[in-house]
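The primary structure of each chain is shown beneath.
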Amino acid sequence: MNLDRAIVLLVASANAVAGFAPSKPGSLALTRKYSSAISSSVLFSEVEDATEVAEEPKAAQFDTSIYVGNISFDLTEDDISDAFAAHGEVMKVTLPTDRNTGKSRGFAFVKMSNAEATAAAISALNESELGGRTIYVSESLPKDQVADNKKKYNQRKKKDEGAKIYVGNLDFGTTSETLKETFAEYGEVKDCFIPADYDGNPRGFAFIQMDEENAIKAIEELNGIELDGRTIVVNKSLPKGQKAKRRGE
């Protein structure tokens, strides 16, 4: 490249002189010859430089996340990572938090290193217990598809599991075992869930899952009875925003 620049300066000087003096046929040919050689030299140098800096195209990375729902508010990203690490390399764990309290919102997203590890983790961990709660693990989907799947799941779950019973005004010391024993007199208790606050304390109500026919009997017999020193309220669980009618209404 230094030789090329020197020749460029030489030719430029020759051209400058040629502007004031008559040019000879031989010198003009020499000038054109060197100009052509310089252009070719520079062109090939640029091609060589471009070849040197060209990078190999990067292989596409696996980019599917796993949704983990119904997780305990006490779980940390490390707890979730440890659970998934048994099924492959964990690349990233995201645990969304409430902007006001800074505490977990009850779900997370996990990114595994490849499709095989993702499939293995979903298969092994879906509906397993983690941190004292049954977690739901699935491939992360677009919001509209998630809503559609959730609707279908709830419809199927309602059909398979029967009726959901709300039990209110519970003593904070009442356990799920006590509730199961109380309701078991009227049929099989398929599920019993006592919601807790961010600190893990019971919120004073529960949900019981029973067959439709057994649920009706339990509601009729148990609504208004005393349990652990408190008069409990028992009725069919209603969609959010609806309130059950009081007796006499």
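In what follows, the accompanying structure is described. A quick note: this is a predicted structure, and the numbers were derived from the prediction, not measured.

**Quick look at the overall build of the chain**
Each helix and strand counted, the chain has 7 helices and 12 strands in total. Here the chain holds 249 residues, and 25% of them are scored as buried. The long-range fraction of contacts in the chain, counting pairs at least 24 apart against all pairs at least 6 apart in sequence, stands at 62%. When the accessible surface of the chain is split by element, carbon and sulfur atoms take 51% of a total near 17,500 Å².

**A word on the sheet that holds strand β9 (residues 206-210)**
Strand order in the open sheet made by the 4 strands is β8-β9-β7-β12, with antiparallel pairing throughout. Strands at the two margins of the open sheet, each flanked by one partner only, are β8 (191-193) and β12 (233-236). Strand-to-strand twist across the sheet, computed as the mean angle between neighbouring axes with direction ignored, equals 20°.

**Structural notes on the sheet that holds strand β3 (residues 107-112)**
Here we have 4 strands laid out as an open sheet, ordered β2-β3-β1-β6, and antiparallel in their pairing. The sheet terminates laterally at β2 (90-94) and β6 (136-139), the two strands that pair on one side only. Sheet twist, expressed as the average angle between the axes of neighbouring strands with direction ignored, equals 20°. In the sheet, strand β1 (residues 65-69) pairs with β3 via 5 bridges, with the strands oriented antiparallel. Bridge pairing links Y67 to F109 in β3. With respect to the sheet, helix α4 (residues 115-125) is in contact with β1, β3 and β6, its orientation differing from that of β6 by roughly 150°.

**Structural notes on helix α6 (residues 176-183)**
Within the span of α6, buried status applies to L179, T182 and F183. Buried residues of α6, viewed axially, fall in a sector of 85°; they line one side.

**Observations concerning α4**
Of the positions making up α4, those classed as buried are A117, T118, A121 and L125. Each buried residue of α4 sits inside an arc of 100° when the element is viewed along its axis, so together they form one side. Turned more than 90 degrees off the buried face of α4, the exposed positions are E116 and S123. Looking at the packing, one finds that the buried side of α4 touches β1, α3 (77-85), β3 and β6. Between the side-chain oxygen at the start of α4 and the backbone nitrogen of E116 there is a gap of 3.2 Å, and the oxygen is on N114. The positive-phi residue at the C-terminal boundary of α4 is E127, with phi of around 65°.

**Considering the side chain of T174**
Position of T174 among the secondary structure elements: in the loop between β7 (163-168) and α6. Of the polar contacts made by the side chain of T174, one reaches the side chain of D228; its length is 2.7 Å. Ignoring sequence-local partners within four residues, the contact set of T174 consists of L179, I194, L227 and D228.

**A short note on the packing of aromatic side chains**
This structure, assessed with the given rule, holds 6 aromatic pairs. The ring of F73 is capped by R133, whose NZ or CZ atom sits 5.9 Å from the centre of that ring. Here the guanidinium or amino end of K164 rests over the ring plane of F207, the centre of that ring lying 4.6 Å away.

The rules behind each value
Residues numbered from 1 in each chain as written. Predicted model: local features only at pLDDT ≥ 70, side-chain atom pairs only at ≥ 80, totals over all residues. Heavy atoms only, no water. Helix = DSSP H or I, 4+ residues; strand = E, 2+ residues; numbered from the N terminus. Buried < 20%, exposed > 50% of the residue type's maximum accessible area, 1.4 Å probe, protein only. Contact = heavy atoms within 4.5 Å. Areas by Shrake-Rupley, 256 points an atom, 1.4 Å probe, with all protein chains shown as cover. Pairing = 2+ DSSP bridges. Axes fitted to C-alpha atoms, helices over the stretch in contact; angles between N-to-C directions. Arc of directions from axis to C-beta. Polar contact = N/O pair within 3.5 Å; in protein donor to acceptor, adjacent residues only side chain to side chain. Phe/Tyr/Trp six-rings, centres within 6.5 Å; stacked < 30°, edge-to-face > 60°. Lys NZ or Arg CZ within 6 Å of the ring centre and 35° of its normal.

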